[in-house]
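Coordinate analysis (summary)
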Amino acid sequence: MKNIAFLILITVLFSCNKNTRNKADEIDYNMAYEYLDASEKDSAFKYFNRAKDYFIQNNNNSLAGNCLVNMAIIQNGYGDYYGSQETGLSAIKYLNIKEDSYELSSNYNSLGIAFQNLKEYNKAAKFYSLAAKFSQNSVDSLTHLNNKAVAFSYSKNLILQLVF
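None of these values were measured; they are calculated from a predicted model.

**Details of the pattern of salt bridges**
Close approach of charged atoms lets side chains of opposite charge pair. Scanning all chains against the criterion turns up 3 salt bridges. Asp28 is the salt-bridge partner of Arg50, the closest N and O atoms lying 3.3 Å from each other. With a gap of 22 residues between them, Arg50 in helix H2 (residues 41–57) and Asp28 in helix H1 (residues 2–37) connect regions that are remote in the sequence. Here Arg50 falls in the partly exposed class, since its relative accessible area comes to 40%.

**Things to note about the layout of surface pockets**
When its volume is computed, the largest pocket comes out at roughly 310 Å³. Contributing to the lining of the largest pocket are 18 residues, with Ile73, Tyr102, Ser105, Ser106 and Asn109 lying nearest its centre. Every element with two or more residues in the lining of the largest pocket is listed here: helix H3 (61–77), helix H5 (101–117) and helix H7 (138–163). Considering every element that reaches the lining of the largest pocket, the biggest residue donor is H5, with 7 residues. Taken together, the residues of the lining of the largest pocket sort by class into 6 nonpolar, 10 polar and 2 charged.

Calculation rules
- Residues numbered from 1 in each chain as written.
- Predicted model: local features only at pLDDT ≥ 70, side-chain atom pairs only at ≥ 80, totals over all residues.
- Heavy atoms only, no water.
- Salt bridge = Lys/Arg side-chain N within 4 Å of Asp/Glu carboxyl O.
- Helix = DSSP H or I, 4+ residues; strand = E, 2+ residues; numbered from the N terminus.
- Buried < 20%, exposed > 50% of the residue type's maximum accessible area, 1.4 Å probe, protein only.
- 1 Å grid on protein atoms, 1.4 Å probe; cavity = no way out; pocket = protein on both sides within 12 Å on 5 of 7 lines; lining within 4 Å.
- Points joined across faces, edges and corners; volume = space filled by probe spheres on them.
- Nonpolar A, V, L, I, M, F, W, Y, C, P; charged D, E, K, R; others polar.

Below, the structure written as structure tokens:
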């Protein structure tokens, strides 16, 4: 009987420890959003990066991808377009087409912005099309298609500037 009580006690202790650890590790993810909401993007980036590492270790691909998307958007905001591209492209492998359409749409839009800022308008247009494809509502879809039109207009203006 003592052995059974001891096993139950050990099981309870380990399960409590595991739950405490999960909640502690999710603090990074929650802190990232708190910093993002407070416009403290450098701190948000740091916490998203820490949370991403935890989620990858624990095979939570969706949340790892979400962290990477947010990191790419932050990099875009700071003008780190090459870094944003790298981060955004790495997010794609963690996101599920059926379950993470919002994140995919945001990620593809972010990639479009990065390519557009690097004056790679045709690539930007392709990513804006993908963003529209994964949009969950018509307003977002139209916004992404508008971004695509802007990329094409920049491309046309660039061609006209080179010709004349």
